[in-house]
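Reading the structure
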Amino acid sequence: MEKGLFITLEGCEGSGKTTAAKTVSRKLTEDGFDVLYTREPGGIDIAEQIRRVILDINNTAMDERTEALLFAASRRQHLVEKVIPALEQGKIVICDRFIDSSLAYQGYARGIGMDNVMKINEFAIDKHMPDLTVYFAIDPEDGLKRLTGRDEINRLDVEKVNFHKKVQEGYEKLLEMFPERIRTIDASKDRQTVAEDCYRLIRNWLRERDV
Ligand code: TMP
């Protein structure tokens, strides 16, 4: 039986969600909450191995359904080994990217169809949907500019701007589909302000639930 809360952060490249995830986790811990910060593949060996295949810049022949299935497989392993045990211990799990990334990137931007990607992900996550998702809204071109200087550039980062614009459109569709679960913050501000806004949003959401 799970007692914890599962919060995911989503957005286009360079939206500042990784910085925010770390800030939010630190501040919630200072507030006395038991927090696990993670991101897929989250240091889970099997999930790391799968992820390496997906993001390898040399894997230009990868079929888009293969890509979607591999993300779902990596997600499953990370969920089972790390997220579910933490939720069972009553932790607040803050996860940088989850199912909505697959729906926006593979389902919408790659054009496989959100319904199809939802189906394979429903199989992978087996009802473990996030309790809250924070969407970091930013113009994809501005986000991509912020990537300069980052260590790792992967197979999806090098997609053309049009692809990233489609990812944004995909996320906007998800906002309409899941208005209860997904809340938006303006990620065009500087990273530290975005992180503070994200913390405030999550803190208020916890208060609404009397946590
Ligand atoms: P990252 O930006 O969190 O490191 O994610 C790596 C890349 O993988 C990023 O371009 C987003 C992409 N991605 C998907 O396309 N589908 C997914 O399900 C996930 C989790 C990430």
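In what follows, the structure referred to is the one given above.
Residues numbered from 1 in each chain as written. Predicted model: local features only at pLDDT ≥ 70, side-chain atom pairs only at ≥ 80, totals over all residues. Heavy atoms only, no water.

Take empty space enclosed by the protein next. For the structure shown, the criterion picks out one cavity of 30 Å³ or more. Approximately 30 Å³ is the volume found for the largest cavity. Every residue along the wall of the largest cavity is listed here: E10, D100, T133, Y135, Y171, L174, L175 and I182. Those elements giving two or more residues to the lining of the largest cavity turn out to be β4 (132-137) and α7 (161-177). Residue contributions to the lining of the largest cavity peak at three residues, all from α7. Grouping the amino acids of the lining of the largest cavity by side-chain chemistry returns five nonpolar, one polar and two charged. (1 Å grid on protein atoms, 1.4 Å probe; cavity = no way out; pocket = protein on both sides within 12 Å on 5 of 7 lines; lining within 4 Å. Points joined across faces, edges and corners; volume = space filled by probe spheres on them. Helix = DSSP H or I, 4+ residues; strand = E, 2+ residues; numbered from the N terminus. Nonpolar A, V, L, I, M, F, W, Y, C, P; charged D, E, K, R; others polar.)

The next point concerns the packing of helix α3 (residues 64-88) against helix α5 (residues 114-125). Relative to each other, α3 and α5 sit at 25°, their axes nearing to 9 Å. The angle between α3 and α5 places the two elements in the roughly parallel class. Along this stretch, α3 crosses α5, giving a crossing that reads as right-handed. Contact residues: α3 offers R65, A68, L69, A72, R75, R76 and L79, while α5 offers N116, I120, N121, A124 and I125. Partitioned by chemical class, the residues of the contact of α3 with α5 number seven nonpolar, two polar and three charged. (Axes fitted to C-alpha atoms, helices over the stretch in contact; angles between N-to-C directions. Parallel < 35°, antiparallel > 145°, perpendicular 65-115°, else oblique. Left-handed = near helix turned anticlockwise from the far one by under 90°. Contact = heavy atoms within 4.5 Å.)

With that settled, consider α3. Along its 25 residues, α3 runs 34 Å from first to last C-alpha, staying within 8% of the 36 Å computed at 1.5 Å per residue. L79 marks the point of greatest bend in α3, at about 50°. Those residues of α3 not exposed but buried are E67, A68, F71, A72, S74, R75, H78, L79, V83, I84, A86 and L87. Next to the buried residues of α3 lie β1 (5-11), β2 (35-39), α2 (45-55), β3 (92-96), α4 (99-109) and α5. For α3, the capping residue at the N-terminal end is D63, with a side-chain oxygen 2.9 Å from the backbone nitrogen of R65. Among the residues trailing α3, G90 stands out with phi positive, at a value near 85°. (Expected span 1.5 Å × (residues − 1). Bend = angle between axes of the 7 residues up to and from the residue. Buried < 20%, exposed > 50% of the residue type's maximum accessible area, 1.4 Å probe, protein only. Polar contact = N/O pair within 3.5 Å; in protein donor to acceptor, adjacent residues only side chain to side chain.)

What follows is about the packing of aromatic side chains. Enumeration over the complete set of coordinates arrives at three aromatic pairs. A centroid spacing of 6.2 Å and a plane angle of 55° characterise the contact between Y105 and F163, whose relative ring orientation is tilted. Here Y105, found in helix α4, pairs with F163, found in helix α7; they are 58 residues apart in sequence, far enough to count as distant. The pair Y105 / F163 is uniform in exposure class, with both members buried. Where Y135 meets Y171, the ring centres are 5.0 Å apart and the plane angle is 35°; that geometry is what we call tilted. (Phe/Tyr/Trp six-rings, centres within 6.5 Å; stacked < 30°, edge-to-face > 60°.)

The next thing to look at is the state of the cysteines. One pass over the structure, following the stated rule, counts zero disulfides. Left without a disulfide partner, C95 is nearest to the cysteine sulfur of C198, which lies 13 Å away. Note on C95: relative accessible area 0%, which makes it buried. A residue is classified by how much of its surface remains accessible, and C198, at 0% relative accessible area, is buried. (Disulfide = S-S within 2.5 Å.)

We now examine the pattern of salt bridges. Any two side chains of opposite charge can pair, given that their charged atoms come close. All told, the structure shown has 15 salt bridges when counted by the stated rule. The partner of E30 in a salt bridge is R26, and the shortest N-O contact between them spans 3.4 Å. On the criterion of helical spacing, the pair formed by E30 and R26 is a turn pair, its members being four residues apart in helix α1 (residues 17-30). Residue E30 is classed as exposed on the basis of its relative accessible area of 57%. (Salt bridge = Lys/Arg side-chain N within 4 Å of Asp/Glu carboxyl O.)

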